[in-house]
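# Examination of the molecular architecture
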Amino acid sequence: MLQRLRGSSTYVLLGAVLVFVVVQVLLSLGAINDYWRGILFWGAAITMVSLGLNLIYGFNGQFSLGQYGFYAIGAYASADVTYRWVHSDPGGLVVVIGGCALALLLLLGVSALLRRFYGVSTLAKFVFSLLATVLGFFLAVRVLNPVVGPPLYAFLQSLPAVVVQQVVFFLALLGGATLAGIISYLFGIPVLELGSDYFGIATLGFTIIIKVLADNTDTLLPFPEMKGARGMVGIPPWTTWPWVFLAFIFVVLLMRNVLHSSTGRAIVSVREDERAARLMGINVTSYKVLAFVLGSFVAGLAGGIRAHDLAFLHPQNFNFIKSFDPLIIVVFGGLGSMTGTIFAGFAWILLLEGVLRLYLPEGFETWRFVVYPLILLVMMLLRPQGLMGKYEIPFLRQRLPEPRKKAEQTAEEVVA
Amino acid sequence: MKGRPESVSPEVEQRPVVLAIDDLTHYFESLRAVYDFSVTLKQGELVGLIGPNGAGKTTIFNLVTGVYLPTEGRVHYDGVELIGLPSHEVIQMGIARTFQNIRLFANLTVLDNVRIAFHPHAGYGLLDSVLRLRRFHDKEAEMVEQCQELLGIFGLEERQNDIAGSLPYGLQRRLEIARALATRPRLLLLDEPAAGMNPQEIDQLMELIHFIRDHFHLTIFLVEHRMRLVMNICEWITVMDFGEIIARGTPAEVRNDPGVIEAYLGRQAIR
């Protein structure tokens, strides 16, 4: 293990630890005030969403505008878990985690079952998967919650409060992200069959649906604590720097490790030439779904982080106009460049919410929505491939295998 | 036997059937692209399919590999029905193909092109790669080695880290065959492998095709309209025109068939 960490990886590891320590010290000393801490955490969250989108659009070639929808799902779901928990109700935790686990099991069962039949239509697969998911959550609400809820609550209360808070927060993040992943799976089955442009429109529709649902959480949906269009208040502000850092590193490593593997190459081949990929034995649809689910899982995770930093959720934050933000970041940083996405993600928030908001003259804050499109315009004119193009820092770059030393004899020599 | 000429040696007739295409018919809307097409390939054979442009040759390949669903007919590979299977499952059963117009992953490296085709045999899953378990490193090294060996056979080893689209045309053709072989086929469908090649390159290609057939124990079905290649390497040939079979036999038989000459050179050539 250790000997594999050589060269650039070691520097990146040291650099990451250094960044973590320095920021932590600055936060503890109060050198970074709440405002800039918010900017930092927000930047990390939006970068995570963008990294997910980069996998879907930059590497798999599927144009998605739905990432803010999954971001919202992750945010609301995890906020609901922790909100209920601090109000002495373990129901959120049990339903989200238990429901996700049951739904995942049932979905695995359904897909294993359907694989044994020829020519199952997409719609049939969608219906069975939807039924499996609904059944999973129904069981979680009706069976799991009354049975497991009270003893679980009693057990967790017996632990030290600090530990419990962290455990519940972790499970809330995991649950929110998994829920986003499951919903993206259900949504992806029928919609990923469409071509990329149509997929973009469908995901845009998805974001709008999620926003409308968020507006009506207390009327259409049975979640009075989310308070619909008035905005959800009272979410415990549990997001701390270590959590942000860990989540961010997790996302970066997840993306890197997936992309630089056989699975990642299969994902990229779909972007390059779908028909050729299919005729090289790649199950194109399943890799589209995989990239979409992974990207949405990450968006859900970012949503959880953001919700517990802001401690307030409003449907207007998940407006479909916002869903263009990750897209702009990904294109701005360079399609298919993780380095570019990370850089552009932080720069975006820093510029838009940090620098411009602070340094534009008073009364001119709204002018930042004039300034940044101008920057984008100039950028696209000068560097249409994005800030970084396809550049990656060595840590995120695919290591090219060495050519073999001794050249084998070629066919001509054998034949000759 | 159906879909075979009579002039094949009895020794070959003893071998098992690899690909059996029976009465394949395909319409694009009301246009008849393929009509009542039958061919049976025995193990280890090298069979040619020729015909003028637009005769329906590539359509046959597309029907076999699940790109189109035929209007009528059956295709069996090793006795298993292929019609209705999605392309990737057909390929994973052991059929590989190349394309008439080169369809490499032009922005990826030469090695990655081959590794993508190798993917179904990678031997590790998503979890192994996310957690970078030992199996990931082992299998990945194994994969690289096998792909390099394959590239070595095609003289592409030194260019493994070059971008595929930057290779010269002839090497791109070779890379396409190498990539097809990485799917570990037993049946190889070559779609006009000699398109755009000069006579010298065609000679090299003929040697290469012979070599890979023996080295990988392949059955090869070859679409081509360059006579030089087909006449020299194929054991027997099926000729089609306007979607129908017009002749079948050894190269010598086909060369003298009046129907074939008419299809290629026009009616005047016979007089």
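Quick notes on the rules
- Residues numbered from 1 in each chain as written.
- Chains lettered and ligands numbered in written order.
- Predicted model: local features only at pLDDT ≥ 70, side-chain atom pairs only at ≥ 80, totals over all residues.
- Helix = DSSP H or I, 4+ residues; strand = E, 2+ residues; numbered from the N terminus.
- Rg over C-alpha atoms; globule rule 2.2 N^0.38 Å.
- Buried ≥ 20, exposed ≤ 12 C-beta atoms within 10 Å, placed from the backbone.
- Contact = placed C-beta atoms within 7 Å.
- Nonpolar A, V, L, I, M, F, W, Y, C, P; charged D, E, K, R; others polar.
- Pairing = 2+ DSSP bridges.
- Axes fitted to C-alpha atoms, helices over the stretch in contact; angles between N-to-C directions.
- Domains from an automatic or database assignment.
- Core = buried A, V, L, I, M, F, W, Y, C linked by C-beta atoms within 7 Å.
- Expected span 1.5 Å × (residues − 1).

Before going further, it helps to spend a moment on the overall build of chain A. Of regular secondary structure, chain A possesses 15 helices and two strands. The globule rule puts the C-alpha radius of gyration for 416 residues at 22 Å, and the 23 Å found for chain A is close to it. The C-alpha extent of chain A, read off along each of the three principal axes, is 80 × 60 × 45 Å. Classification of the 416 residues of chain A by burial places 44% in the buried group. Long-range pairs, those at least 24 residues apart, make up 82% of the contacts in chain A with a sequence separation of at least 6.

Our next topic: the overall build of chain B. Broken down by element type, chain B carries eleven helices and ten strands. Taken against the 2.2 N^0.38 rule, which gives 18 Å for 271 residues, the C-alpha radius of gyration of chain B at 19 Å falls within 12% of a compact globule. Along the first, second and third principal axes, the C-alpha atoms of chain B reach 70 × 40 × 40 Å. Looking at chain B alone, contacts between residues at least 24 apart form 67% of all its contacts between residues at least 6 apart.

Before going further, it helps to spend a moment on the interface of chain A and chain B. Taken residue by residue, the interface counts 32 residues in chain A and 41 residues in chain B. The dominant element in the side of chain A that touches chain B, judged by the number of residues it contributes, is helix α9 (residues 262-272) of chain A, at seven residues. Classifying every residue of the side of chain A that touches chain B by side-chain character gives 16 nonpolar, nine polar and seven charged.

Looking along a regular strand, one sees side chains alternate from face to face of the sheet. Residues and elements named next belong to chain B. Pairing analysis gives five bridges linking strand β9 (residues 236-241) to strand β10 (residues 244-249), with the strands arranged antiparallel. Looking at the pairing, aspartate 241 lines up with glutamate 244 of β10. Counting the residues that bridge the hairpin from β9 to β10 gives two residues, and of these phenylalanine 242 lies at a positive phi of roughly 50°.

Residues and elements named next belong to chain B. Strand order across the open sheet formed by four strands is β2-β1-β4-β5, with antiparallel pairing between neighbours. Where the open sheet ends on each side, the last strands, each with one partner, are β2 (31-42) and β5 (80-81). Lying on the sheet, helix α2 (residues 57-64) is in contact with β1 (17-28), β2 and β4 (72-77); it crosses β2 at an angle near 70°.

Accessible area lost during the coming together of the parts is what is often quoted as the interface size. Looking at chain B, the domain boundaries give domain 1 (10-94 + 185-269) and domain 2 (105-168). Taking only C-alpha atoms into account, the centre of domain 1 of chain B sits 30 Å from that of domain 2 of chain B.

What follows is about the domain arrangement of chain A. Residues and elements named next belong to chain A. Domain boundaries assigned for chain A yield domain 1 (37-316) and domain 2 (323-393). Centre-to-centre, using C-alpha coordinates, domain 1 lies 26 Å away from domain 2. Across the boundary between the two partners, domain 1 contributes 20 residues, which contact 19 residues of domain 2. When residues of the side of domain 1 that touches domain 2 are traced back to their parent elements, those giving at least two are α2 (34-59), α3 (67-86) and α8 (241-259). Here the side of domain 1 that touches domain 2 gets 13 residues from one element, more than from any other, and that element is α2. Residue composition of the side of domain 1 that touches domain 2, grouped by class: eleven nonpolar, eight polar and one charged.

In terms of burial, α9(A) is a largely internal element, eleven of the eleven residues being buried. Here α9(A) has its buried residues at Ser262(A), Thr263(A), Gly264(A), Arg265(A), Ala266(A), Ile267(A), Val268(A), Ser269(A), Val270(A), Arg271(A) and Glu272(A). Where the residues of α9(A) are buried, they touch α2, α8, α10 (274-278) and α11 (284-310) of chain A together with α4 (110-118) and α5 (126-131) of chain B.

Bringing the pairing of β9(B) into the picture now. All names here are of chain B. The element β9 is extensively covered by neighbouring structure, given that five of its six residues are classed as buried. Here four bridges tie strand β3 (residues 46-50) to β9, and the two strands are oriented parallel to one another. Counterpart to isoleucine 50 in the pairing with β9 is valine 239.

Moving on, we get to the nonpolar core. Core analysis: the biggest nonpolar cluster contains 186 residues, and Met48(A), Leu301(A) and Ala178(B) have the highest contact counts within it. Each residue touching Ala178(B), except ones within four places of it in the same chain, is listed here: Val114(B), Leu150(B), Leu151(B), Phe154(B) and Leu156(B).

This next bit is on the sheet that holds strand β8 (residues 219-223) of chain B. Residues and elements named next belong to chain B. Taken together, the six strands give an open sheet; going across it, the order is β6-β7-β8-β3-β9-β10, and neighbouring strands pair in mixed fashion. Each end of this open sheet is capped by a strand with a single partner; those strands are β6 (95-97) and β10. In this sheet, adjacent strand axes meet at a mean angle of 20° when their direction is disregarded. The pairing of β6 with strand β7 (residues 187-191) spans three bridges and is classified as parallel. By the bridge assignment, alanine 96 is partnered in β7 with leucine 188. Relative to the sheet, α2 contacts β3, β6, β7, β8 and β9, its axis offset from that of β7 by approximately 145°.

What follows concerns unusual backbone geometry. Residues and elements named next belong to chain B. We note that glutamate 29 has phi near 50°; this positive angle belongs to a residue other than glycine. Within the element layout of this structure, glutamate 29 appears in the loop between β1 and β2. Notably, histidine 217 is not glycine yet its phi reads approximately 55°, a positive angle. For histidine 217, the location among the structural elements is in the loop between α8 (199-216) and β8. Assessed through the 10 C-beta atoms surrounding it within 10 Å, histidine 217 is described here as exposed.

All names here are of chain A. Here α3 is 20 residues long and its end C-alpha atoms lie 29 Å apart, about the 28 Å a rise of 1.5 Å per residue gives. The buried count for α3 comes to 19 of 20 residues, which makes it a mostly enclosed element. Where α3 terminates, the next one or two residues include serine 88, which has phi positive at roughly 60°.

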